[in-house]
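# Geometric and topological summary
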Amino acid sequence: MLERNFAYTPAFDDAHSRERLERLHPPQWRNPRPVDRYDLAVIGGGPAGLVAAHGAAAFGARVALIERDLLGGDCLNIGCVPSKTLIRTSRVYAEMRDAARYGAHLPAEIRVDFPAVMQRMRAIRARLSRVDSVDRLAAAGVDVFFGGGRFVAPDALTIDGTRLHFRKAVIATGARPDTPSIPGLVEAGFLTNENVFDLTELPRRLLVIGGGPLGCELAQVFCRFGVHTTIAQDMPLFLPKEERDAAQILSDAFARDGIEVRLNTTAIRVRVENGQKWVDLVNDDYHDSVAVDAILTGTGRLPNVEDLGLDSAGVEADSITGVRVDDFLRTSNPRIYAAGDACLEHKFTHTADASARIVVRNALFKGRQRLSALTVPWCTYTDPEIAHVGLYVREARDRNIPVKTFTVPMHDVDRAITDSEDAGFVKIHVRERTDRILGATIVARHAGEMINEITLAMVAGIGLRTLSNVIHAYPTQAEAIRKAADAYSRTRLTPTIQSLLARWVSW
Amino acid sequence: MASRKRNPRSPVVTDASHPSDEAFLDILQRAAFRFFLDAFNPVNGLIADTSRENSPCSIAAVGFALAAYPVAVERGWMARADAVARSLLALRFLRDSDQSGSPNATGYKGFYYHFLDMQTGVRVWRSELSMVDTALLIAGALTARMYFTQTTAGETELRELADALYLRVDWRWSQGDATTIRQGWKPECGFLHYGWEGYNEAIVLYVLATASPTHPLGDECYEAWTATYQWENLYGFDFLYGGPLFMHQYSHAWIDFRGIQDRFMREKRCDYFENSRRASLVQREYAQRNPRGFAAYGGNCWGFTAGDGPTDERPEVANEARRWFGYAARGVPYGPDDGTLSGSAVMASLPFAPEIVLSAAHEMHQRFPEMLTANQYASGFNPSLAGVDGRAWVSNGKVGLDQGIVLLMIENYRTGLIWSLMRNCSYVRSGLRGTGFRGGWL
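Just so it is clear, the model here is predicted, and its values are computed rather than measured.

All names here are of chain A. Taken together, the buried positions of helix H1 (residues 15–24) are His16, Arg20, Arg23 and Leu24. Seen end-on, H1 carries its buried residues on one side only, within an arc spanning 85°. Contacts made by the buried residues of H1 are with helix H5 (114–128) and helix H6 (134–139).

All names here are of chain A. What you see with strand S14 (residues 294–297) is no split at all: Ala294 and Leu296 on one side and Ile295 and Thr297 on the other are buried throughout. With four bridges joining them, strand S8 (residues 205–209) and S14 adopt parallel strand pairing. Note that in S14 the partner of leucine 206 across the bridge is alanine 294.

All names here are of chain B. Its domain assignment divides chain B into domain 1 (1–24 + 230–399) and domain 2 (39–224). Here domain 1 and domain 2 have C-alpha centroids that lie 25 Å from each other. In terms of residue count, helix H9 (residues 250–254) provides more of the side of domain 1 that touches domain 2 than any other element does, three residues in total. In terms of residue class, the side of domain 1 that touches domain 2 is made up of nine nonpolar, four polar and one charged.

What follows is about the packing of H1(A) against H5(A). Residue and element names in this part refer to chain A. At their nearest, the axes of H1 and H5 sit 8 Å apart, and the two run at 20° to each other. Relative to H5, the element H1 is oriented roughly parallel. The two elements H1 and H5 meet at a crossing, and its hand is left-handed. For the pair formed by H1 and H5, the contact residues are His16, Ser17, Glu19 and Arg20 on the first element and Arg122, Ala123, Arg125 and Ala126 on the second. Looking at the contact of H1 with H5, its residues break down into two nonpolar, two polar and four charged.

Take the interface of chain B and chain A next. On the chain A side, the residues contacting the 26 residues of chain B number 26 residues. Here the side of chain B that touches chain A takes four residues from strand S8 (residues 231–234) of chain B, the largest share from any one element. For the side of chain B that touches chain A, a count of residues per class yields 10 nonpolar, eight polar and eight charged. Here two bridges tie strand S21 (residues 403–409) of chain A to S8(B), and the two strands are oriented parallel to one another. Each residue of the ladder has a partner; that of Thr405(A), found in S8(B), is Glu232(B).

Turning our attention to the domain arrangement of chain A. Residues and elements named next belong to chain A. In terms of domains, chain A is made up of domain 1 (15–78 + 122–176 + 302–373), domain 2 (185–299) and domain 3 (384–495). Here domain 2 and domain 3 have C-alpha centroids that lie 32 Å from each other. On the domain 3 side, the residues contacting the seven residues of domain 2 number nine residues. Taken together, the residues that form the side of domain 2 that touches domain 3 break down as five nonpolar, no polar and two charged.

All names here are of chain A. What the three strands build is an open sheet, ordered S11-S12-S13; its pairing is antiparallel. A single partner strand is all that each edge strand has here, and the edge strands are strand S11 (266–273) and strand S13 (286–292). Between one strand and the next, the sheet's axes are offset by a mean angle of 25°, whatever the strand orientation.

Residues and elements named next belong to chain A. In spatial order, the strands read S10-S9-S8-S14; together these four strands make up an open sheet with parallel pairing. In this open sheet, the two strands that pair with only one neighbour each are strand S10 (260–262) and S14. Looking at each pair of strands side by side, their axes are set apart by 20° on average, direction ignored. Pairing of S8 with strand S9 (residues 228–232), which is carried by five bridges, proceeds in the parallel orientation. Residue pairing for S9: arginine 205 is matched across the bridge by histidine 228. On the sheet, helix H8 (residues 213–224) packs against S8, S9 and S14 and is oriented at approximately 165° with respect to S9.

Turning our attention to the environment of Leu70(A). Tracing the backbone through its elements, the reader meets Leu70(A) in the loop between strand S2 (63–67) and helix H3 (73–78). The spacing of Leu70(A) and Ala484(A) is 414 residues in sequence and 44 Å in space, taken between C-alpha atoms.

Let us now look at the environment of Gly299(B). Residue and element names in this part refer to chain B. With respect to the element layout, glycine 299 can be found in the loop between helix H11 (272–289) and strand S10 (306–307). With 13 C-beta atoms counted inside 10 Å, the residue glycine 299 sits in the partly exposed group. In the structure, glycine 299 is positioned 10 residues away from arginine 289 in sequence and 9.2 Å away in space, judged by C-alpha atoms. Those residues within four positions of glycine 299 in sequence are excluded, and the remaining contacts are Arg284, Ala287 and Gln288.

Rules and cut-offs
Residues numbered from 1 in each chain as written. Chains lettered and ligands numbered in written order. Predicted model: local features only at pLDDT ≥ 70, side-chain atom pairs only at ≥ 80, totals over all residues. Buried ≥ 20, exposed ≤ 12 C-beta atoms within 10 Å, placed from the backbone. Helix = DSSP H or I, 4+ residues; strand = E, 2+ residues; numbered from the N terminus. Arc of directions from axis to C-beta. Contact = placed C-beta atoms within 7 Å. Pairing = 2+ DSSP bridges. Domains from an automatic or database assignment. Nonpolar A, V, L, I, M, F, W, Y, C, P; charged D, E, K, R; others polar. Axes fitted to C-alpha atoms, helices over the stretch in contact; angles between N-to-C directions. Parallel < 35°, antiparallel > 145°, perpendicular 65-115°, else oblique. Left-handed = near helix turned anticlockwise from the far one by under 90°.

Here's what the structure looks like:
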């Protein structure tokens, strides 16, 4: 047996954390002795690496998986899973405060039990860690190596001095938060997704810098936990990639929640005076400072491409855009592929998963599957949620595709009204004068669930005409999609057809 | 399409069978004009932004005044010489104003700061150099130039001044390093960061900027702007989306869009006039749905646009559970919507949809007479915030832009005067052609 690896220490030591650690990086783990040559070496045990490893092993390939820290990656440990559990609890608090709107009594006292919130998060994270566990990998026949892997040749890498040879490899090292270069920020201390889920008590005042998905989700969460929250975004709207109306609705929702919204605002300096953190903000010609207890940054993510010996393997990479890959996810070394956040523009768990599946087919079975052929939805889990798939109108118009949007406000959807969740819309973009779906944006309490129907339609080549014939259970919020399809069908009723139909009926 | 079947040189409708409507409109139009008399500074010709005490000048209000004078002359409300004199005062002042772009100047590169001191004409409120408000000012100046065509010294000077002001504007500069025109500029920080994408009131800005013989926009600028449009089917209407109604009205005060189409509208088999009609119908539909349950909304009570709101004057209501706003660009269907409506926004849609506008205006005036004082529309009223006397909350201010758009749109409805003048303006024709408009009267 090889030497034992360095130990990973969780920030919070309780039964759930120990359970998770036992599954994702057992303290007593000893790396196996490597075989002569692996069919696939996977560097990184996050969503992309796990899918690649399990997928390749299922086909009988000899697979090595190398993980530096914890299996499960950001998604399970410091990303989607912990954030969604907190979002759920924050919704409960929001609904408690909003009880009167539902004809319910407002509780006499709403006290946020933050330790209980975090304990629930850790319990759920531990439960979900079973899926990503080292035991499952070992049972699937994957050799798991904990340690920092580095390429030393086009077909070999080392882990703590042990050399592994591979026929093919996949770089799935993920990404990390991009720290904004604000003078004084590092000295004052700040939170990112890497440490925010280790908090043991709530700050009284929080400034969130960055209005992307992470910043928006967590700003709303902490506000709903009773934290005086300010969010500073250096652009005119939140979620700059999303369409204007979606971002506008989100701004309104934030304001309604009580978040202090600072758009077009840049944090230019952080100061600590007499133990008090001050952040200097500027909005065009308006300057001011806010006093805060904590600062959370959510200003993008950088791919993990350092310390991998990529040069030794002949793999080209950029510190901003990540490992350079072609449409088949192959790097500049034809033996080596990449998947997930390390190489993709859209850094989501599900794109990591989908890209890893492509890699397994292309690397091991000479497949020719293309990344560009994927139809990728995504969702920001604010309240309301903002989900999108396919093209935006702007993208379609840039490509000279005539586009028309069928819009159904959620206030026209019975179930949204019964649930007092009628802020939002379904917008489905089609090629003008056809029913071919180009893309869609949904803003709704459960937009993430609803977008899947549009994604299915796009992947299966189903147009609005067919969707109009799909019976949707009543009452559901997804009926909005059928209503959009119905709106399309009505536009097909030209005056001539309408008069013919009228004559037919009267006859 | 109905709009294309009309004679483009005739007003939208002249229905003598409804004298009550004629009288009704005459009262409103004349009252709106009175704003420009009351808000006028006889020293420099500037026009106050609002009726409030110590209101600064709004350069767009000056533009509306310059177009209002010809209407007043035609209707016998003002002597021609008086109109010329008032116009000359403003135009001379603007010509001679400080264009250094310093924080206390009046303008820069031929553009003007949004708000100016009524007496000195220098920038106030650290306001931005406003591209679209400058365009509305220039549109007013060009309207005057087209109307006052006599060879008297005054009218000759007026035409030369209007021309000079237009030619001085460096529209190309207003793009900065972007593909579209930037919304504003400040000496303290340069171009503003505010996004200004999607359809809005700016067509007249792009038309004037494209036609400039001296500082025209880049060729791709208008197309780059229209590339941000969203053509939507909402409530059963296909239309070019814009939430607040003013976006569908301001450019139409000057330009007759009936039957002329740019590339986008050709693709959509529509025109901007018809689009504004549909936008008005969408507003009416929204009011009928009334998703937020505000008082009074309905098929004859609508009108969502930029204007005052309750928290401007009643800050105590800001703490209520229901959210009220101050000045805001209210729009449909995504809001902001706090129950505040605008009578002037409804009336300014008169040329597009006279049947629903007149019907709504009559009912709104009857139910909420407090929305008018001296027959001038207040900048917003809110029936959901009624006082103990049952009267709706009403803004205590009247805004020059509201009065101006009402005045000009009623005139366009009644006689088509402004449209007719601007149809013959070579700059407007050139700008329309340059931005790809074809067909109809063009």
